[in-house]
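Structural description and commentary
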Amino acid sequence: MRAVVVPESGGVEVLVVEERPRPEPSADQVLVEVAASGINFMDVYRREGIYPVDPPFVLGSECAGRVVAVGDAVSDVAVGDVVATADGVGTHAEFALVAAEKVVPVPAGLDADVAAAAMLQGMTAHYLVNSTFDVQDGQTVLVHAAAGGVGQLLVQLAKAKGARVIATVGSEHKVEIARGLGADEVIRYDEVDDLAAAVREHEPAGVHVVFDGVGKATFDASLGSLRRRGLLALFGGASGQVPPFDIQRLNSGGSLFLTRPTLAHYVADRDELLWRSREILDALSDGTLRLEIGGRYPLEDARRAYEDLEGRRTTGKLLLVP
């Protein structure tokens, strides 16, 4: 099979496509013929060595496709089932192994590539608005990178819960995307000198919660946008990792809360995984949630795909299609 391999930690230039043996599932695994594999900043962090993985390894953890083999101990997944996961092993390939307990069924009628695009970012948006901070009707939330994959879903899920949404984006085209998804206010962060002040023009007391997947470039503005006892959910670092900071800033900012969540801790229990995935996939299937696929790339174009992601040249979700 063909696979996108990271032979050593580094930038996009280290990515190579290699022929590798098709893997065989162990007792508790299934083998999935990959219809599409999601491209995520988590993969960037693994490639760069921020999330340590011993090279060489096949990149990717999110995919959907048809099960073609199951391990001897697997009883609730069968060959022929269409499944999706955010926790596969080397999904940027024609075939990928997944622990049977980490796959979820794809609803009939939902395209596999949409399911692949929704797993990591959809469940991330779900845990952020339901568990990290249980958004309530009438609260105000700030969503950075609102035209990106997670951002688009966060805007929709927060609006569905009755929140007022202030969104930040980096271009006029992205303004229209955020507004089309229901954002009440949209700020071009490339057009303001003081982003926190721009947010407070719309919400003088500050927002209840900031969902920040950008990281280094927006961290200070995120803290400065919060109201007293507000919460900053820093769930990613698209612009770079936030350096160490003085924790007393949380005190002086108004007894603020800061958390650095990750999806794995919100789907460690199978019931929780099924709850989150079912709500997201069902909403996509019945049309109450929209997901934009911003690009589909063959495996051979993996470098270009990651350049587009890291250069923030796209909107929505990017996929590799074997």
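So, a few notes on the structure that sits alongside this text. (Residues numbered from 1 in each chain as written. Predicted model: local features only at pLDDT ≥ 70, side-chain atom pairs only at ≥ 80, totals over all residues. Heavy atoms only, no water.)

Of regular secondary structure, the chain possesses nine helices and 16 strands. Across the 322 residues in the chain, those meeting the buried criterion constitute 54%. The contacts in the chain between residues at least 6 apart in sequence include a share of 67% that link residues at least 24 apart. Accessible area for the chain stands at about 13,500 Å²; split by element, carbon and sulfur atoms hold 48% of it. Side-chain charges of the chain comprise 30 positive and 46 negative groups, with the mean position of each set lying 4 Å from the other. (Helix = DSSP H or I, 4+ residues; strand = E, 2+ residues; numbered from the N terminus. Buried < 20%, exposed > 50% of the residue type's maximum accessible area, 1.4 Å probe, protein only. Contact = heavy atoms within 4.5 Å. Areas by Shrake-Rupley, 256 points an atom, 1.4 Å probe, with all protein chains shown as cover. Lys, Arg positive; Asp, Glu negative; His and termini not counted. Charge placed at Lys NZ, Arg CZ, Asp CG, Glu CD.)

A few words now on helix α9 (residues 302–310). When α9 is considered as a whole, its buried residues turn out to be Ala302, Ala305, Tyr306, Asp308 and Leu309. Along α9, the residues classed as buried sweep out an arc of 155° about the axis, all on the same side. Buried-residue contacts for α9 involve β1 (2–6), β3 (29–39), α1 (41–48), β15 (293–297) and β16 (317–320). Downstream of α9 by one or two residues, Arg312 has phi in the positive range, about 55°. (Arc of directions from axis to C-beta.)

Here we take up the sheet that holds strand β4 (residues 57–58). Within a sheet, each strand pairs with its neighbour through backbone hydrogen bonds, oriented either parallel or antiparallel. Within the open sheet, the three strands sit side by side as β2-β1-β4. Their pairing is antiparallel. Of all the strands in the sheet, the pair left with one neighbour each is β2 (16–19) and β4. As defined by bridge partners, β1 adjoins β4 across two bridges and the pair is classed as antiparallel. In the strand pairing of β4, Val6 is matched with Phe57. (Pairing = 2+ DSSP bridges.)

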